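Descriptive analysis of the structure
Residue strings, one per chain:
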Amino acid sequence: MINKRLNLRDIVVISFISAVLGVLYLLWVLLGQIVTGVLGPVGGGLMAGFWILAPVICAYIIQKPGAALLAELIAAGTEVMAGSVSAGAVLVLGFTQGIAAEIIFAMFFYRIFRLPVLMLAGMAGTSAAFLTQYILYGFSQYAGSVVVFMLVTMLISGALLAGWAGKSFTDALVKTGVLDRFALGRQRREGQQRNAV
Amino acid sequence: MLEELQTRDAFLQRVHPTLKLLSLFTVFFFMIFIYDIWHPLAVLVLTIAAIFFLGKVPLKLLLILLLPFALFGFSFVWLQVVFPEERGATVLFYVFHMPVALENIQTGVSLGLRAMVFASWSLLFVLTTSPVSLVMSLIQKWHMPPSIGYGMMAAYRFLPQLRKELVIIRRARQIRGMGSKPRMREWKEAGVPLMAGAVRKAERTALAMESKGFDGSRKRTRYVQMNYKKTDVWFTAGFILFITVVFLLPLS
């Protein structure tokens, strides 16, 4: 990698992608509230992975330090700007989820962005969300089995909705060629050239 | 409608966004340690009163916005009754041979009310703070890098265009005979062109910013100055009083 720092173009592209996802996050909150209201926080856990899409997608595209955290913060910021009725929780969660995903990418020195790493980042994101909600909403007052079950559903959701779905979506996006000037797009072009030779 | 509320001529709207944000996190912090009913109830009522009187937000709108959170809060109650960490001693009645204890209902209601307090303070922030002033004050007072702040604003301004693009994509699919109704597995087929459009727009925006001499440095003149004013002193004093009375002094 030539330049590992985020430049203006990276930042603006992360902003736009995360803003779009931020709007989807908001719609997902409505869906999540209905599911949580009916099935309780345990059922709501299955929805959690969706809110880790921004760090997974942006880190996978840009592959630089800070991309994951910035993406999640901007997605949270967009939710607040668009008028989220849970602004406070959204901002706290945005920070913890972003940090958690960022740590996973840092553990692999921002070099490996294969499916298992992305799934791990998604799971780290949802476990951070779990921990945050545990403290914010007083989960310590519930039976241990319920809390553990909630964590398990959130981990599964993080691996599938954030890791797997995020990668599969981004892989489809990179084929359009709009990402050719970013790390992920470059890798795709280099792969094609190799095949041509 | 949101914009009209955010720019209304009222006390809360004039308070500096960073202070409101700080107060939001402070309330969150103090609420974490509360497990009784009266504290969250008092905070909830005071917050709603503050938004109504100091922010001039219609009470009806406030209650409608809080309604989904009442449902969300209620899920805490039944979960607490069915799966408590420790079942209370004062059994009120039985539901299908399952004892329902007073203590568990109390804890559940407390946690549910806590969720509603979080929602009401978030509403206080969101309904009285315009996005532009929020980002501007974060850049000017909390050292947010200008490139991130202005990038966010550009992205935010782009959002209304999304809906139009979605309509275009849908029509393009329709005209090619791919069906008019979006199905579950087609989320990618509509999502990919939508996101590709966003990325293209982002690159063009970044290029425009750079070509106009924007390099993300702080040394620049500003049209909107976000300085602290007298209102902010009043707000801070009032907030400290509120925290002291509700959380720091024992109520009972």
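Residues numbered from 1 in each chain as written. Chains lettered and ligands numbered in written order. Predicted model: local features only at pLDDT ≥ 70, side-chain atom pairs only at ≥ 80, totals over all residues.

Note the threshold: UniProt positions are given in the numbering used here, feature names are shortened, and annotations may be inferred rather than shown by experiment.
As annotated in an unreviewed UniProt entry, chain B carries the name Putative HMP/thiamine permease protein YkoC and comes from Marinococcus halophilus. Looking at chain B in UniProt, the text filed under Subcellular location (unreviewed entry) is "Membrane".

Going by the annotation in an unreviewed UniProt entry, the name recorded for chain A is Putative HMP/thiamine permease protein YkoE, with Marinococcus halophilus given as the source organism.

**Quick word on helix α5 (residues 115-136) of chain A**
Rules: Secondary structure counts use DSSP, requiring at least four H or I residues in a row for a helix and at least two E residues in a row for a strand, with both numbered from the N terminus. For a helix, the expected span equals 1.5 Å multiplied by the number of residues minus one.
Between its first and last C-alpha, α5 of chain A extends 31 Å over 22 residues, near the 32 Å set by a 1.5 Å rise per residue. Positive backbone phi, at 65 degrees, marks Gly138 of chain A, one or two positions downstream of α5 of chain A.

**Structural notes on the UniProt feature "transmembrane region" (unreviewed entry) in chain A**
Following the UniProt record, one finds the feature "transmembrane region" (unreviewed entry) at residues 12-31, 38-62, 82-110, 117-136 and 142-165 of chain A. Strand forms 0% of residues 117-136 of chain A and helix 100%; the C-alpha atoms that close the span are 28 Å apart.

**Remarks on the interface of chain B and chain A**
The cut-off we apply is this: Once C-beta atoms are placed from the backbone, any two residues with those atoms within 7 Å are in contact.
Between chain B and chain A, the residue contacts involve 55 residues of the former and 45 residues of the latter. Only α3 (17-31), α5 (59-82), α6 (102-128), α7 (131-141), α8 (146-175) and α9 (187-211) of chain B provide two or more residues apiece to the side of chain B that touches chain A. A total of 15 residues in the side of chain B that touches chain A trace back to one element, the largest contributor, which is α9 of chain B.

**A few points about the domain arrangement of chain B**
The cut-off we apply is this: Boundaries of every domain are those given by an automatic assignment or by a domain database.
Here the domain parsing of chain B yields domain 1 (2-131 + 228-248) and domain 2 (146-211). The C-alpha-based centres of domain 1 of chain B and domain 2 of chain B are spaced at 36 Å.

**Some words on the environment of Arg87 of chain B**
Residue and element names in this part refer to chain B. Rules: Counting other C-beta atoms within 10 Å of each residue's C-beta, where C-beta atoms are placed from the backbone, gives the exposure class: buried for 20 or more, exposed for 12 or fewer, partly exposed between.
Mapped onto the secondary structure, Arg87 falls in the loop between α5 and β1 (91-95). For Arg87, a count of 15 C-beta atoms within 10 Å translates into the label partly exposed. Placed 16 residues apart in sequence, Arg87 and Glu103 show a C-alpha to C-alpha distance of 7.8 Å.

**Some remarks on unusual backbone geometry**
Positive phi outside glycine occurs at Gln63 of chain A, with the angle close to 55 degrees. Mapped onto the elements, Gln63 of chain A comes out in the loop between α2 (53-62) and α3 (67-81).

**Considerations on helix α4 (residues 38-55) of chain B**
All names here are of chain B. Formally: When we speak of the arc, we mean the arc of directions from the helix axis to the C-beta atoms.
A rise of 1.5 Å per residue sets the reference length of α4, with its 18 residues, at 26 Å; its end C-alpha atoms lie 24 Å apart and thus fit the reference within 8%. Among all positions of α4, only His39, Pro40, Val43, Thr47, Ala50, Ile51 and Gly55 are buried. End-on, the buried residues of α4 take up no more than an arc of 95 degrees, which puts them together on one face. Turned more than 90 degrees off the buried face of α4, the exposed positions are Val45 and Ala49. Taken together, the buried residues of α4 touch α2 (11-14), α3, α5, α6 and α10 (230-248). Two residues or fewer after α4 comes Lys56, characterised by a positive phi angle close to 50 degrees.

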